[in-house]
Amino acid sequence: MNTHTMPVPPAKTAAFGFLGLMGLAAVVATADTWGILDRASAQRLLGLIVGLVVLITGNLLPKLRPLRGSAADPTDARVAEQFAGRLLVLIGIVYLGAFVIAPLRIASVVAAVLGLGAMLGIAGKWILLLVGASFDHPVRKFPDVDSDRNTHRLTIWLLFGFSYVVVSACMAFLVTDASLRSQLAWYLLLGYWLIYSVILSALGVERPVR
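Residues numbered from 1 in each chain as written. Predicted model: local features only at pLDDT ≥ 70, side-chain atom pairs only at ≥ 80, totals over all residues. Heavy atoms only, no water.

Section: the pattern of salt bridges
Where side chains of opposite charge bring their charged atoms close, a pairing between them can arise. Applying the stated criterion across every chain yields a total of one salt bridge. Glu81 is the salt-bridge partner of Arg65, the closest N and O atoms lying 2.4 Å from each other. Of this pair, Arg65 sits in the loop between α2 (39-64) and α3 (74-101) while Glu81 sits in helix α3, placing them 16 residues apart in sequence. Each member of the pair Arg65 and Glu81 is classed as buried. (Salt bridge = Lys/Arg side-chain N within 4 Å of Asp/Glu carboxyl O. Helix = DSSP H or I, 4+ residues; strand = E, 2+ residues; numbered from the N terminus. Buried < 20%, exposed > 50% of the residue type's maximum accessible area, 1.4 Å probe, protein only.)

As structure tokens, this is what we get:
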């Protein structure tokens, strides 16, 4: 009898949903490049897609449990995950409403400010939680089941990709100069790899229990 469990449904749902919406965004961007869609319509559709990504991620985040297995107290980690999920759901709803009814320029500014604010707020809360807990508690280990570790890695990769997409979109909403946007994209990519390395270390490094 196989005792290994399959990846949990929320992780599968998040992965397929994220890839599907990113594929749709690529189609819209291609249509914009080929002149099939006008620039304003493409930007509005991309804003709606980003809003859906934020909304779906916020809904699934508490179920994905990205802080599980970290040094943080389980109750504190659960509260932080629920806070992030509710905030993202709210931001996602605002995104959708703004890009449906508001003038494009206003919707872009609102989306950028709220998106960046949400990312900074969630990242700050999680970093403080992990750093504070790392001085007081050992890192809790997963059960010795490969699927648990794989699901956790998938969750971290999904959140990393999600946050990169949202921050990149916010930058595109605010910066209209193509040359400046291209330069900022490189710095953003380098910064994200550094941040990802730090977060992965904080979540995945095991220390002996004191």
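Observations concerning α2
In this model α2 runs 36 Å from its N-terminal to its C-terminal C-alpha over 26 residues, within 8% of the 38 Å that 1.5 Å per residue would give. Measuring from the backbone nitrogen of Ala40 back to the side-chain oxygen at the start of α2 gives 3.3 Å, which picks out Asp38 as the cap. (Expected span 1.5 Å × (residues − 1). Polar contact = N/O pair within 3.5 Å; in protein donor to acceptor, adjacent residues only side chain to side chain.)

What about α3?
End to end, α3 covers 41 Å across 28 residues, agreeing with the expected 40 Å (1.5 Å per residue, within 8%). Of the residues making up α3, those classed as buried are Ala77, Ala80, Glu81, Ala84, Gly85, Leu88, Ile91, Gly92, Tyr95, Ala98 and Phe99.

Structural notes on a nonpolar patch on the surface
Judged by side-chain polarity, Leu90, Val94, Ile106, Val110 and Leu114 come together as a nonpolar surface patch covering roughly 370 Å² of accessible area. Those elements giving two or more residues to the nonpolar patch turn out to be α3 and α4 (104-134). Sorting elements by how many residues they give to the nonpolar patch places α4 first, with three residues. (Patch = residues over 30% accessible without salt bridge, like charges linked within 9 Å, V, L, I, M, F, W, Y side chains within 5 Å. Areas by Shrake-Rupley, 256 points an atom, 1.4 Å probe, with all protein chains shown as cover.)

Digging into empty space enclosed by the protein
Evaluation of the coordinates by the stated rule reveals one cavity of 30 Å³ or more. What the largest cavity holds in volume is close to 120 Å³. Lining the largest cavity, in full, are Ala14, Gly17, Phe18, Leu21, Val53, Ile56, Thr57, Leu60, Leu64, Leu158, Leu159 and Phe162. Breaking the lining of the largest cavity down by element, the ones donating at least two residues are α1 (9-33), α2 and α5 (146-174). The residue makeup of the lining of the largest cavity, split by class, is 10 nonpolar, two polar and no charged. (1 Å grid on protein atoms, 1.4 Å probe; cavity = no way out; pocket = protein on both sides within 12 Å on 5 of 7 lines; lining within 4 Å. Points joined across faces, edges and corners; volume = space filled by probe spheres on them. Nonpolar A, V, L, I, M, F, W, Y, C, P; charged D, E, K, R; others polar.)

Things to note about the packing of aromatic side chains
Scanning the model with the defined rule gives one aromatic pair in all. Judged by centre distance (6.3 Å) and plane angle (50°), the rings of Tyr95 and Phe99 are tilted. With Tyr95 and Phe99 both in helix α3 and four residues apart, the pair spans about one turn of that helix. For the pair shown, Tyr95 and Phe99 are each scored as buried. Geometry around Phe83 places Lys125 over its ring, the cationic atom sitting 5.2 Å from the centre. (Phe/Tyr/Trp six-rings, centres within 6.5 Å; stacked < 30°, edge-to-face > 60°. Lys NZ or Arg CZ within 6 Å of the ring centre and 35° of its normal.)

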